[in-house]
Amino acid sequence: MASPNKEKILVEMRNYHTTPFADKLSSEAANMLRVKFAVIEDEIIAMLLGLINGKVEYNDYSPELIKFEKEVKALTGKDATQKKEKELFTQKIKQLLEISQLAADAKFTLRPLRYRKAVR
């Protein structure tokens, strides 16, 4: 039963990674947000992959993402590239929230631990 849920999550993660950020964003504030977002993003992706493999439990990162989204909205700039960057941040946050919700709904279980057999 978990296999279709794993596939859905992996497909969404693949779609998530199709639109990367530019190496250098238009402003220093946007670059700082990108670095901060990379940390949150890495934690979420690592949790999702561990969850799929049965090695970690689900951890809800939606409060951090919502807090980060408020920081992105506070980003000032009326330039077209800055607007696109804000939209990309918002899109990525929305995708991560959707993937996290899929993972929460799937209710994956941890794998049982395997102990080494005693050598005689």
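1. Observations regarding helix α2 (residues 28-52)
Step number 1: Taking 1.5 Å as the rise per residue, α2 with 25 residues should run 36 Å; its terminal C-alpha atoms sit 36 Å apart, in good agreement.
Step number 2: Following α2 by one or two positions, Gly54 adopts a phi angle in the positive range, close to 80°.

2. Some thoughts on the confidence of the model for the chain
Low-confidence regions, as indicated by low pLDDT, have predicted coordinates that should not be scrutinised in detail.
Step number 1: In the predicted model, the chain carries a mean pLDDT of 89, and 98% of its residues have values of at least 70.
Step number 2: Of all helices and strands in the chain, the one with the weakest mean pLDDT is helix α1 (residues 2-16) (90), whereas helix α3 (residues 62-73) scores best (93).

3. A short note on α3
Step number 1: Here α3 is twelve residues long and its end C-alpha atoms lie 16 Å apart, about the 16 Å a rise of 1.5 Å per residue gives.
Step number 2: Regarding α3, the residues found buried are Ser62, Leu65, Phe68, Glu69 and Val72. For α3, the angular spread of the buried residues around the axis is 120°, confining them to a single face. Summarising the geometry of α3, the exposed residues directed more than 90 degrees from the buried face are Lys67 and Lys70.
Step number 3: Those residues of α3 hidden inside the fold are in contact with α2 and α4 (80-106).

4. Thoughts on unusual backbone geometry
Step number 1: One non-glycine residue, Lys107, adopts positive backbone phi at about 55°.
Step number 2: Relative to the assigned elements, Lys107 resides in the segment after α4.
Step number 3: The exposure class of Lys107 is exposed, given its relative accessible area of 64%.

5. Looking at the packing of aromatic side chains
Step number 1: Per the counting criterion, the structure on display carries five aromatic pairs.
Step number 2: A ring pair is formed by Phe21 and Phe89, whose centres lie 4.7 Å apart and whose planes are at 45°; its orientation type is tilted. In this pair, Phe21 sits in the loop between α1 and α2 while Phe89 sits in helix α4, placing the two residues 68 residues apart along the sequence. With respect to burial, Phe21 and Phe89 carry one shared label: buried.
Step number 3: Ring pairs connect the aromatic residues Phe21, Phe37, Phe68 and Phe89, which therefore count as one cluster.
Step number 4: Above the face of the Tyr16 ring, Lys92 is positioned so that its terminal group lies 4.2 Å from the ring centre.

Conventions we followed
Sequence positions are assigned chain by chain, starting from 1 and proceeding in written order. At least 70 in pLDDT is required for a residue's local features to be given in this predicted model, at least 80 for side-chain atom pairs to be given and counted, and no such filter applies to totals for whole chains, interfaces and linings, which use all residues. Excluding hydrogens and water, the side-chain values take into account all heavy atoms of the structure. Helix and strand labels come from DSSP, where a helix needs a run of H or I of at least four residues and a strand needs a run of E of at least two; each type is numbered from the N terminus. Under the convention used throughout, the expected extent of a helix is 1.5 Å for every residue step, that is, one less than its residue count. Confidence of the predictor at the level of single residues is given by pLDDT, which spans 0 to 100. The cut-offs for exposure are 20% and 50% of the maximum accessible area for each residue type, with area from a 1.4 Å probe on protein chains only; residues under the lower value are buried, those over the upper are exposed, and the others partly exposed. Relevant arc is that of directions from the helix axis to the C-beta atoms, nothing else. What makes two residues a contact is simply this: any of their non-hydrogen atoms within 4.5 Å. Aromatic pairing here means that ring centres of Phe, Tyr or Trp (its six-membered ring) are within 6.5 Å. Orientation follows from the plane angle: under 30 degrees is stacked, over 60 is edge-to-face, and everything else is tilted. Either the NZ atom of lysine or the CZ atom of arginine qualifies as a charge over a ring when it sits within 6 Å of the ring centre and within 35 degrees of the ring normal.

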